[in-house]
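Examining the three-dimensional arrangement
Letter by letter, the chains look like this.
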Amino acid sequence: MELADLTLDLWRSLGMPDVRRFAREAADRVGGRVGPVDVVEHLGGPLHRVLVERDGQQFALVPGGTVRLGFDVDAWEPTAEQTADYARSLDEEFGYGPDLKAHLTELLSPPRTVTLATVFMAVENEALTEPPCDMPALLAGRGLRMPGGDEWEHACGAGARTLFRWGGTCPLDEPSWGGGADGPRCELNAFGLRIAYDSYTAELSSDPGAVHGGDGGESVCGGYGDLWAWLTLATANRNPSMAEFVYGPDGADAWDAFSVRPVLSLR
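Residues numbered from 1 in each chain as written. Predicted model: local features only at pLDDT ≥ 70, side-chain atom pairs only at ≥ 80, totals over all residues. Heavy atoms only, no water.

Observations concerning the sheet that holds strand β8 (residues 203-204)
Operational definition: Think of it this way: DSSP has to see at least two bridges between two strands before they count as a pair. Here a helix means four or more residues in a row that DSSP labels H or I, a strand means two or more in a row labelled E, and each is numbered from the N terminus.
The mixed open sheet is built from four strands, whose spatial order is β7-β10-β8-β9. Each of the sheet's edge strands pairs with one partner strand only, and the pair in question is β7 (126-127) and β9 (211-212). Examined bridge by bridge, β8 and β9 share two bridges and lie antiparallel to one another. Among the inter-strand pairings, L204 is bridged to a residue of β9, identified as V211.

The structure is reproduced here in structure tokens:
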């Protein structure tokens, strides 16, 4: 089996000796060094987490295969608290639809099945140092690349079908931004990534129609509502209006407010 062909289902079935062997082979393939290898509880069973260090940067193993992405808005029912908070946004004339489901339909990617390669993805996002159009070449010079939009979403959710990577709700009485807080957004995800953790973050992928893991603080600064700000951290949120901004003429001088999460390919 080629390293890049490892599936998430197969990964979950391996014992620790095989996990460590795979980790060493994969680290050797990318010129890295195996870091922490541990086990976390995820989706009702154990999941191994593998980190590799390369050139002073940490990367987490993200097993691929055929996976389900997107969010099924029709099958989802919001809590009373979520509905009430969105109603307050509507009262302030914010919102993409007459109700919360219509709003999410505009923001989130639809349910779909895709096949992805296993990769290493940077544990931390990093600020853009060049305009988005120049980042692929800049990253290639470091042996890296931008993640695809589907890759980012899979890496964030790690197989979870919930609205957020940690579940279906968010603590509306707590901020969706800033450090020094406790709670699900501040925890590493199942693969060991610090991802979808601050609504002031805004990550780009190779998909020009998407901005992931935050909106650069637009919703907080604009007073759009507590739930709206938290929804920028939803796994399937593609934030199309912000993507249109950053890749359009109005965003030509704003690219340094965005970030990217580099990928190390195993092929």
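Describing empty space enclosed by the protein
For the record, the criterion: Definitions used throughout: a 1 Å grid over protein atoms alone; a cavity as a set of points that fits a 1.4 Å probe which cannot get out; a pocket as an open set with protein on both sides within 12 Å along at least five of seven lines; a lining residue as one with an atom within 4 Å of a point. Grid points are joined across faces, edges and corners, and a volume is the space filled by probe spheres set on the points. Gly counts as polar in this scheme, as do all residues outside two lists: the nonpolar Ala, Val, Leu, Ile, Met, Phe, Trp, Tyr, Cys and Pro, and the charged Asp, Glu, Lys and Arg.
Scanning all chains against the criterion turns up two cavities of 30 Å³ or more. Empty space within the largest cavity amounts to approximately 120 Å³. Along its surface, the largest cavity is lined by 15 residues, and L69, G70, E153, A160 and T235 are the ones closest to its centre. Counting residues per element, the ones that place at least two in the lining of the largest cavity are β4 (65-69) and α6 (149-157). For the lining of the largest cavity, the class distribution of residues is six nonpolar, six polar and three charged. Its boundaries defined by the atoms lining it, the second largest cavity holds a volume of some 40 Å³. For the second largest cavity, the full set of lining residues is V62, L116, A117, V119, M121, E151, H154 and A155. Contributing elements (two or more residues each) for the lining of the second largest cavity: β6 (119-122) and α6.

Quick word on the side chain of N189
Test applied: Partly exposed residues are those whose accessible area sits between 20% and 50% of the maximum for their type, while under 20% is buried and over 50% is exposed, using a 1.4 Å probe and protein chains only. We call two residues in contact whenever any of their non-hydrogen atoms come within 4.5 Å of each other.
Here N189 is to be found in the loop between α6 and β8. On the basis of relative accessible area, N189 is assigned to the buried category, the value being 4%. Ignoring any residue separated from it by four or fewer positions in sequence, one finds N189 in contact with R49, A155, C156, R165 and I195.

Let's talk about helix α2 (residues 16-30)
Stated formally: The span expected for a helix works out to 1.5 Å for each residue beyond the first. Along the arc lie the directions from the helix axis toward the C-beta atoms.
The end-to-end C-alpha distance of α2, which contains 15 residues, comes to 21 Å, matching closely the 21 Å that a straight helix rising 1.5 Å per residue would cover. Taken together, the buried positions of α2 are occupied by V19, F22, A23, A26, A27 and V30. Viewed along the axis of α2, the buried residues span an arc of 130°, placing them on a single side of the element. α2 presents P17 and D28 as exposed residues on the side facing more than 90 degrees away from its buried surface.

Re the sheet that holds strand β1 (residues 33-42)
Here is the rule we go by: An axis is simply a line fitted to the C-alpha atoms; with a helix, the fit covers only the stretch in contact. Between two such axes, the angle follows the N-to-C directions and lies from 0 to 180 degrees.
Strand order in this open sheet of five strands is β1-β2-β3-β6-β11, and the pairing throughout is antiparallel. With partners counted over all chains shown, the strands left at the sheet margins are β1 and β11 (263-265), one partner each. Neighbouring strand axes in the sheet, compared pairwise and without regard to direction, differ in orientation by 30° on average. The strands that α6 touches are β1, β3 (57-62) and β6; relative to β6, the one it contacts most, it runs at about 80°.

Things to note about the pattern of salt bridges
The following threshold applies: Salt-bridge detection follows one rule: a side-chain nitrogen of Lys or Arg within 4 Å of a carboxyl oxygen of Asp or Glu.
Counted according to the given criterion, the structure contains 16 salt bridges. Put simply, E124 and R194 hold a salt bridge, and the shortest N to O gap is 3.2 Å. Placement of E124 in the loop between β6 and β7 and of R194 in the loop between α6 and β8 is noted, with a sequence separation of 70 residues between them. The closest approach of N and O atoms between R145 and E151, which form a salt bridge, is 2.8 Å. Three or more residues joined by partner-sharing salt bridges are found here, namely R112, D150, E153, D207 and R238.

What to know about the nonpolar core
What counts here: We call a set of buried residues a nonpolar core when its members are Ala, Val, Leu, Ile, Met, Phe, Trp, Tyr or Cys and they connect through side-chain atoms within 4.5 Å of each other.
Formed by 70 residues in total, the largest nonpolar core has its most connected members in W11, L108, F120 and L163. With six residues, the single largest contributor to this core is α2. Apart from the residues within four sequence positions on either side, L163 is in contact with F71, W76, L104, L108, G168, L231, A234 and T235.

Notes on the pairing of β6
Burial along β6 is two-sided: the residues V119 and M121 and F120 and A122 are all buried. One ladder, built from three bridges, connects β6 with β11; its direction is antiparallel. When the bridges of β11 are listed, M121 appears paired with V263.

Function cannot be inferred from these measures alone, as they are strictly geometric.
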